[in-house]
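# Topology and contacts: notes
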Amino acid sequence: MASISTTTNKPPVQKRGTFSKRFNATYFLQDNITGSRGQLIWVIILTILTLGVLVQQLGNAPSRAWIIFGIWAVGVIGTVVGELFTLHIGATRWLKENMFNNVTNVLVTLLLALLLGIVCSGLWRWGVVNATFSPELTHPDVRTFDGASWGVLWGARKLLLTGLLGPEHNSRVIGWTLTILALWLMSFIGTRDSTRETTAGTFIRRVANTGWILSPFISYIFLAGLDYEAPFVDFRTLIVGTAIVTAIMGILWFFKVIQLNPVSTAAWVLAWPLSYLLWRTIAYVSFNAEIFSPIDPDKWGGLLLTVIFAIFVNILSFPIGILLALGRRADVQGIPWWLLWPVAILLTAWGLYTSTFGNCIGTPSFLCENVNLWATSRNGIERVISLWPLLIPLATWSFLRSFNGNFLQAFSVLFIEIIRGVPLITLLFMAIIMAPFFLPEDSQGLSNFWAVIVGYTIFTSSYMAELVRGGLQAIPNGQYEAADALGINTLQKYRFIILPQALRILIPPLAGAVIGTFKSSSLVALVGMIDLVGSTKAIIANSQWLGLRTELYVFMFVLYFLVSSVVSWYSRRLEDQSGLGVR
Amino acid sequence: MTAIMDGPEATKVSDVIVCRDVHKWYGDFEALKGVNLTVEAGEVVVILGPSGSGKSTFIRCMNRLEEHQEGRIIIDGIELTHDVRNISEIRREVGMVFQQFNLFPHLTVMDNITLAPINVRKWSRDRAEELAMKWLTRVGIPEQADKYPGQLSGGQQQRVAIARALTMQPKILLFDEPTSALDPEMISEVLDVMRDLAKAGYTIVAVTHEMGFAREVAQRIIFMDGGQIVEINSPDDFFNNPTHERTKLFLSQILNH
């Protein structure tokens, strides 16, 4: 736009929506008003609307309306003068480019300024002029009713910030908050342009990254505390955990997802025992020193709970989402039909024999209810349902047909599609109500907090998976081929080549997902959790603060908005920095 | 049209690429219809043919970027099967240069080259960088080591791709139309490097449309059409006395325009 003032001998090249030093009324009219019939009608309607609001406001609130109109008029005059005589200063150029770049926008600017004046003056009167700020003035008996009673925010700060958590735990909440802030600060410093290339910057960044990866555990220790019960090592947990990790490794190796050498095999096998022993050691030390005594997670509340949800769910669902996305694209050798069909037929026959017709001979008692479904069915529908084992061959057939026996892909696709087809609130209710069905009968059950975390993480990770899949598909096939041709194995290919490029593409949508998770966590209030929304509802219901909903919802709006803005600002920064390699 | 057979005679130790009756289908379309080829160590073979003749598919089967469904491919004594260990072993010994370069845009030239030696060959970074620098010098762009691929010209990018393939110290080099995506004035700088490599004794299989290069450097020229090898000949005979009608037609089309 700076080239406007430089004219040459040639007749001015008129761009749409710009003025020229040689003002041409015909072009101007064509550009702004008479370009098309629709434009003409639009400008007329807008003019009438704006004039109407202006006249109405000049009658209703003359001083405010005159001030707004005056500022607007000065701006327009300044812009026109600057444009016609090439006398632009910074302010008028900004106004020309952002506010007054054509007739429509000149009118819209005035209209919006007037409307904003109406809205803001009401808010101003309510929130500042007539408002009280003392916690003593919030009780319904002494409260002012034409202004805000901001004192409630201070008076109810405990419920807002930490919910029902006892004051004896304040130091731990503060310690945790400081830790998270310190991590954030270190990430920020470590990635600044001036420090990122230095040794110190790299070191700080490494510490921060490690801290973020460990942050769920750090948070858990601070906030949930560690319970210690003898014995120091529970061998069942030790062995079962090791077996599961080893089995996963074996399956991945069998399906040729990973390759193994002695070192990596040892690392896989020892991963569980080592982390388990470390965990027990920390628990033992903290128990004896009485540093981190256990806190019931269901006691957490307020902003604390909201933030915990955001951090836990986002950090947990991101890697799960990546794995699901990779699983959905996995091109592994399927389970062959000659292996699957015999198993399916055997299972079907066994199901018909034991469940449908209630024969328990030869089957362990805990596997057989000894109910003859077929004989006890009372109508045709029940009779059909009693034949449920026939679904097994149907499932086998569709599994082989749709996925060629590719188990990884089938699991990922079904997981993602089923979860994405369910509303979050349904999933949260299911998590709380149905969690006990999936747990052993002798366990104490899952606390509501953990049930919600599980449900919410499942939900978020299926969405993350689809985002990540989009990013993976955006990487050209040549990148995969070049990596393959160099003999790089699958893990290294994703670690060094595909994911770094895909995640960079994914920064904006992932930031959106993180913000979405943060905001949607307010839904947990509906399943009885006292998060920020939940505690707001509790405060409003309190006789001392009865009915102070506007103040609290405004506060909530500001808080959610601030956090979301920080996240999106941070993602833009991340995006700018990560673009370094791509020219 | 019958495919020319190399014959089922026993392969020699010096045969580093042995393809026997290789078939490849894309769905119902048969892209390779029984291809036979044996390449000796140190030999330079150029594959010519009209587009869609299966030459790229064939060369990509040699390092399993495409899977062949029938027949056998034995590279350096190892047969390409579903076994991932065989595949990765072969890929370590076979370097490939692509039409679209396929450099990793988020890594510097040096990191592009050293990624595979460090992670696949398990070399130290110093050793990998030393060799990478040697090859960058040999292809004539040592000063570009710290730049990103996007900052280089097409010809320079392709030379980086060649250096990347060579730093893995492969026994065989596959070129899949390495000059087709380049501006005319950059083609020669890449061909010079390839000529240099051919003289240095590398086993090279190249798909290219550069007839001058084929005539000058190749020891054998393979002409493919419709998923089959139509003619295998020395460059002189291929260009001057082609035996097959299809070859004559092809040559008349490309040489008389």
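What counts, and at which threshold
Residues numbered from 1 in each chain as written. Chains lettered and ligands numbered in written order. Predicted model: local features only at pLDDT ≥ 70, side-chain atom pairs only at ≥ 80, totals over all residues. Heavy atoms only, no water. Pairing = 2+ DSSP bridges. Helix = DSSP H or I, 4+ residues; strand = E, 2+ residues; numbered from the N terminus. Buried < 20%, exposed > 50% of the residue type's maximum accessible area, 1.4 Å probe, protein only. Axes fitted to C-alpha atoms, helices over the stretch in contact; angles between N-to-C directions. Parallel < 35°, antiparallel > 145°, perpendicular 65-115°, else oblique. Contact = heavy atoms within 4.5 Å. Nonpolar A, V, L, I, M, F, W, Y, C, P; charged D, E, K, R; others polar. Lys, Arg positive; Asp, Glu negative; His and termini not counted. Salt bridge = Lys/Arg side-chain N within 4 Å of Asp/Glu carboxyl O. Polar contact = N/O pair within 3.5 Å; in protein donor to acceptor, adjacent residues only side chain to side chain. Buried area = accessible area lost by both parts, 1.4 Å probe. Disulfide = S-S within 2.5 Å. pLDDT = per-residue confidence, 0-100. Phe/Tyr/Trp six-rings, centres within 6.5 Å; stacked < 30°, edge-to-face > 60°. Lys NZ or Arg CZ within 6 Å of the ring centre and 35° of its normal. Left-handed = near helix turned anticlockwise from the far one by under 90°.

What links the strands of a sheet is backbone hydrogen bonding, and the strands pair in either a parallel or an antiparallel sense. Residue and element names in this part refer to chain B. Ordered by their spatial adjacency, 4 strands build an open sheet running 2-1-4-5, and the pairing between neighbours is antiparallel. Each edge of the open sheet is held by one strand with a lone partner, namely strand 2 (29-40) and strand 5 (78-79). Note that strand 4 (residues 70-75) and strand 5 share 2 bridges and pair antiparallel. Residue pairing across strands places Ile-75 opposite Ile-78, the latter belonging to strand 5.

Moving on to the environment of Phe-104 of chain B. Residue and element names in this part refer to chain B. Residue placement: Phe-104 occurs in the loop between strand 6 (94-97) and helix 3 (109-119). Taking the relative accessible area as the measure of exposure, Phe-104 reaches 0% and is therefore buried. Through-space distance from the C-alpha of Phe-104 to that of Ala-161 is 9.8 Å; in sequence the pair is 57 residues apart.

A few words now on the packing of helix 2 (residues 37-60) of chain A against helix 3 (residues 62-84) of chain A. Residue and element names in this part refer to chain A. Two elements in contact, helix 2 and helix 3, have axes separated by 6 Å at closest approach and are oriented at 135°. Classified by the angle their axes make, helix 2 and helix 3 are oblique. Along the contact surface, helix 2 presents Leu-54, Gln-57, Leu-58, Gly-59 and Asn-60, while helix 3 presents Pro-62, Arg-64, Ala-65, Trp-66 and Phe-69. A breakdown of the residues in the contact of helix 2 with helix 3 according to their chemical character gives 6 nonpolar, 3 polar and 1 charged.

Time to look at the pairing of strand 6 of chain B. Residues and elements named next belong to chain B. Residues of strand 6 alternate between two faces, with Val-94 and Met-96 on one and Gly-95 and Val-97 on the opposite face, all of them buried. Both strand 6 and strand 7 (residues 172-176) contribute to a ladder of 4 bridges, which runs parallel. Bridge pairing in strand 7 links Met-96 to Leu-174.

On to the side chain of Arg-164 of chain B, then. Relative to the helices and strands, Arg-164 of chain B is located in helix 5 (residues 154-167). Of the side chains bearing the opposite charge, Glu-481 of chain A lies closest to the buried Arg-164 of chain B, which forms no salt bridge; the N-O distance is 9.7 Å. Of note is the side chain of Arg-164 of chain B, whose polar atom sits 3.4 Å from the side chain of Asn-112 of chain B. Beyond its immediate stretch of four places on either side in the chain, Arg-164 of chain B contacts Ala-482 and Leu-486 of chain A together with Phe-101, Asn-102, Leu-103, Phe-104, Asn-112 and Ile-113 of chain B.

A few words on the interface of chain B and chain A. Counting residues at the interface gives 27 residues for chain B and 23 residues for chain A. Approximately 2,300 Å² of surface area, both sides summed, lies buried where chain B meets chain A, with 59% of it carried by carbon and sulfur atoms. For chain B, the biggest contributors to the area lost against chain A are Arg-91, Phe-104 and His-106 of chain B; these three give 23% of the whole. Across the contact surface, chain B and chain A share 1 salt bridge. Across the pair Glu-481 of chain A and Arg-60 of chain B runs a salt bridge, and its minimum N-O distance is 2.6 Å. Where chain B packs against chain A, one counts 7 residue pairs in polar contact (both at pLDDT 80 or more). Going through the elements one at a time, helix 2 (84-93), strand 6 and helix 3 of chain B are the ones with two or more residues in the side of chain B that touches chain A. At 4 residues, the largest contribution of residues to the side of chain B that touches chain A is made by helix 2 of chain B. Broken down by class, the residue content of the side of chain B that touches chain A amounts to 13 nonpolar, 8 polar and 6 charged.

Once that is clear, we can look at the pattern of salt bridges. One pass over the structure, following the stated rule, counts 23 salt bridges over all chains. Put simply, Glu-129 of chain B and Arg-125 of chain B hold a salt bridge, and the shortest N to O gap is 3.5 Å. Placement of both Glu-129 of chain B and Arg-125 of chain B in helix 4 (residues 125-138) is noted, with a separation of 4 residues, approximately one turn of the helix. Linked through salt bridges whose partners overlap, the residues forming this network are Arg-328, Glu-417, Arg-420, Glu-466 and Arg-469 of chain A.

Below, the discussion takes up the sheet that holds strand 3 (residues 44-48) of chain B. Residues and elements named next belong to chain B. Taken together, the 6 strands give an open sheet; going across it, the order is 6-7-8-3-9-10, and neighbouring strands pair in mixed fashion. Edge positions in the open sheet fall to strand 6 and strand 10 (228-233), since each of these has one partner strand only. Direction aside, the axes of adjacent strands within the sheet are offset by 20° on average. Two strands pair when backbone bridges link them, and strand 9 (residues 220-225) and strand 10 are joined in this way by 5 bridges, in the antiparallel orientation. When the bridges of strand 10 are listed, Ile-221 appears paired with Asn-233. Strand contacts of helix 6 (residues 184-199): strand 3, strand 7 and strand 8 (203-207), with the helix running at about 145° to strand 8, the strand carrying the most contacts. Strands in contact with helix 9 (residues 245-255) are strand 3, strand 9 and strand 10; relative to strand 9, the strand with the most contacts, it is inclined by about 95°.

Moving on to the state of the cysteines. Residues and elements named next belong to chain B. All told, the structure shown has 0 disulfides over all chains when counted by the stated rule. Free of any disulfide, Cys-61 has its nearest cysteine sulfur in Cys-19, 8.3 Å distant. Given the relative accessible area of 0%, Cys-61 is considered buried.

All names here are of chain B. Confidence in the prediction for chain B averages 89 pLDDT; 94% of positions are at 70 or higher. No element of chain B has a lower mean pLDDT than helix 9, at 87, and none a higher one than strand 8, at 95. This complex was scored by the predictor with a pTM of 0.78 and an ipTM of 0.91.

Residue and element names in this part refer to chain B. Of all 6 residues that make up strand 9, 6 are buried, and the element is covered over most of its length. Side-chain alternation along strand 9 places Arg-220, Ile-222 and Met-224 on one buried face and Ile-221, Phe-223 and Asp-225 on a second face that is also buried. Pairing of strand 3 with strand 9 involves 4 bridges; the strand directions are parallel. Paired with Leu-48 across the bridge in strand 9 is Phe-223. The turn linking strand 9 back onto strand 10 is made up of 2 residues, and Gly-226 within it adopts a positive phi angle of 60°.

Another aspect to go through is the packing of aromatic side chains. Residue and element names in this part refer to chain A. One pass over the full model with this rule turns up 30 aromatic pairs over all chains. With 5.5 Å between their ring centres and 70° between their planes, Trp-126 and Trp-150 make a pair best called edge-to-face. Residue Trp-126 is located in helix 5 (residues 103-129), and its partner Trp-150 is located in the loop between helix 5 and helix 6 (151-155); the two are separated by 24 residues in the primary sequence. For the pair Trp-126 and Trp-150, a shared accessibility class is recorded, and that class is buried. Pairwise contacts between aromatic rings join Tyr-220, Trp-279, Trp-300, Phe-309, Phe-312, Phe-449, Trp-450 and Tyr-456 into one cluster. Across the ring face of Trp-154, the terminal group of Arg-157 is positioned such that the distance to the ring centre comes to 4.1 Å.

Below, the discussion takes up the packing of helix 18 (residues 424-438) of chain A against helix 19 (residues 448-474) of chain A. Residue and element names in this part refer to chain A. The geometry of helix 18 relative to helix 19 is characterised by a closest axis approach of 8 Å and an angle of 140° between their N-to-C directions. By the angle between their axes, helix 18 is oblique relative to helix 19. Note that helix 18 runs across helix 19; the crossing there is right-handed. On helix 19, the residues that touch Leu-424, Leu-427, Leu-428, Ala-431, Ile-432 and Ala-435 of helix 18 are Asn-448, Ala-451, Val-452, Gly-455, Tyr-456 and Phe-459. Taken together, the residues of the contact of helix 18 with helix 19 break down into 10 nonpolar, 2 polar and no charged.

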